[in-house]
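A structural walkthrough
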Number of protein chains: 2
Amino acid sequence: MGKQMTEMLKGTLEGIVLAILSGRSAYGYEITAWLRDQGFTDIAEGTIYALLVRIEQRGLVDVEKVPSEKGPPRKVYSLNAQGREYLEEFWRTWSFLAERLEQLRKGGQ
Amino acid sequence: MGKQMTEMLKGTLEGIVLAILSGRSAYGYEITAWLRDQGFTDIAEGTIYALLVRIEQRGLVDVEKVPSEKGPPRKVYSLNAQGREYLEEFWRTWSFLAERLEQLRKGGQ
DNA sequence: TCTAGCTACTTGGTAACGCTAACTACCGGT
DNA sequence: ACCGGTAGTTAGCGTTACCAAGTAGCTAGA
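A brief structural summary.

A few words on the interface of chain A and chain B. Every contact between the two is made by 36 residues of chain A and, on the other side, 36 residues of chain B. Overall, the association of chain A and chain B removes approximately 3,600 Å² of surface from exposure, summing both partners, and the carbon and sulfur fraction of that is 69%. The largest share of the area that chain A buries against chain B comes from Gln4, Met8 and Trp94 of chain A, three residues that together contribute 20% of it. Inspection of the region where chain A meets chain B yields zero salt bridges.

Listed below in structure tokens is the structure:
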């Protein structure tokens, strides 16, 4: 979609990935594929992997290395308690922002 | 609100300011005050001024210097045609993102 | 007069995040 | 032996918001 999307994803992409992981465990390649499926066609693979490393280092997810039949081992991530807390905080922040923006969109004309 | 908000504002703050300017012309100090009023208590003044310079350089707004009775002259910004186009693109990007996130929030549990 | 405080904008440096691009590595089929 | 799909890593870059300090005009009070 372009530069606007790139900038808007800062901060939200993390929440998106955490939200995905709140439903089920997943590994990087899988998440990337799912995002592309959802229309995020231009999200770079490297971005997701870097993000996963980041949230792992922050202790928001647990990681398990699982052998794959089709390639190198997968790093399967699952949201832990701290991650769930962080995700809730994310939703609060998102709600606040979304409310103001919807208000602005309506009031704008 | 914290780091999450800071990151989430990247990309959206610009849209917020453009949306404000789509309703009426305004100057930096005024916009900052309005944002604080709306609950964006921790947006730094410098951030808004920098953003305004940016969108001016991109040709999204027209600027007029207007003397103030209470201090130094104001730089009053108003959205031009190109800015309106850019704002519409912003709303499209935002809608896309907001839809996916709402879906995720519901599906997430 | 001089100082404090509000108004209004500017500037320089920092950190975080997503992007790009190239790379490693495992596996199956041709 | 090679290629394409699977899976992850790394280094450098550009953009953006934050912080801190500074400049400058005006008014009111000591």
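There's more to say after this.
Taken together, 28 residues surround DNA strand D, and among them Lys10, Tyr49, Arg74 and Lys75 of chain A together with Thr47 of chain B come closest. Counting only the atoms of DNA strand D that lie within 4 Å of the protein, the sugar and phosphate share comes to 76%. Separating a phosphate oxygen of DNA strand D from a backbone N or O atom of leucine 9 of chain B is a distance of 3.2 Å. Contacts to DNA strand D include glutamate 69 of chain B, whose backbone N or O atom sits 3.5 Å from a sugar or linking oxygen. Every element with two or more residues in the surface near DNA strand D is listed here: helix 1 (3-9), helix 3 (28-37) and strand 3 (74-79) of chain A together with helix 1 (3-23) and helix 3 (45-57) of chain B.

Another point: the relation of the copies chain A and chain B. The second copy of the chain is related to the first by a rotation about an axis and a shift along the axis. Once chain A has been moved 0.0 Å along the axis and rotated by 180°, it coincides with chain B to within an RMSD of 0.0 Å. Taken together, the rotation and translation describe the operation of a two-fold axis. When C-alpha positions in chain A are compared against the rotation axis, the closest is assigned to lysine 10 of chain A, at 3.1 Å. An overlap of 100% is found between the interface residues of chain A and their copies at the interface of chain B, pointing to a shared contact surface.

Right, let's get into the packing of helix 1 of chain B against helix 4 (residues 81-107) of chain B. All names here are of chain B. The interhelical angle for the contact between helix 1 and helix 4, taken along N-to-C directions, is 130°, at an axis separation of 10 Å. Judged by the inter-axis angle, helix 1 sits oblique to helix 4. In this structure, the crossing between helix 1 and helix 4 has a hand that is left-handed. Contact with helix 1, carried on its side by Gly11, Thr12, Glu14, Gly15, Ile16, Leu18, Ala19 and Ser22, involves Arg84, Tyr86, Leu87, Phe90, Trp91 and Trp94 of helix 4 and no other residues of that element. Here the residues of the contact of helix 1 with helix 4 are counted per class, giving eight nonpolar, four polar and two charged.

Residue and element names in this part refer to chain B. Strand order in this open sheet of three strands is 1-3-2, and the pairing throughout is antiparallel. Looking along the sheet, the strands with just one partner apiece sit at the ends: strand 1 (26-27) and strand 2 (61-66). Contacts from helix 1 reach strand 1, strand 2 and strand 3 (74-79), with the element oriented near 85° to strand 3. Seen against the sheet, helix 3 touches strand 2 and strand 3 and runs at an angle of roughly 50° to strand 3.

A few words on the protein's contact with DNA strand C. Looking at DNA strand C, there are 28 residues lining it, with Thr47 of chain A together with Tyr29, Tyr49, Arg74 and Lys75 of chain B nearest. The backbone of glycine 28 of chain B places a nitrogen or oxygen atom 3.3 Å from a phosphate oxygen of DNA strand C. If you list the elements that add at least two residues to the surface near DNA strand C, you get helix 1, helix 2 (12-23) and helix 4 (45-57) of chain A together with helix 1, helix 2 (28-37) and strand 3 of chain B. For the surface near DNA strand C, the class distribution of residues is ten nonpolar, six polar and twelve charged.

The rules behind the values
- Residues numbered from 1 in each chain as written.
- Chains lettered and ligands numbered in written order.
- Predicted model: local features only at pLDDT ≥ 70, side-chain atom pairs only at ≥ 80, totals over all residues.
- Heavy atoms only, no water.
- Contact = heavy atoms within 4.5 Å.
- Buried area = accessible area lost by both parts, 1.4 Å probe.
- Salt bridge = Lys/Arg side-chain N within 4 Å of Asp/Glu carboxyl O.
- Near = heavy atom within 4 Å.
- Polar contact = N/O pair within 3.5 Å; in protein donor to acceptor, adjacent residues only side chain to side chain.
- Helix = DSSP H or I, 4+ residues; strand = E, 2+ residues; numbered from the N terminus.
- Least-squares fit on C-alpha atoms with pLDDT ≥ 70 in both.
- Axes fitted to C-alpha atoms, helices over the stretch in contact; angles between N-to-C directions.
- Parallel < 35°, antiparallel > 145°, perpendicular 65-115°, else oblique.
- Left-handed = near helix turned anticlockwise from the far one by under 90°.
- Nonpolar A, V, L, I, M, F, W, Y, C, P; charged D, E, K, R; others polar.
- Pairing = 2+ DSSP bridges.

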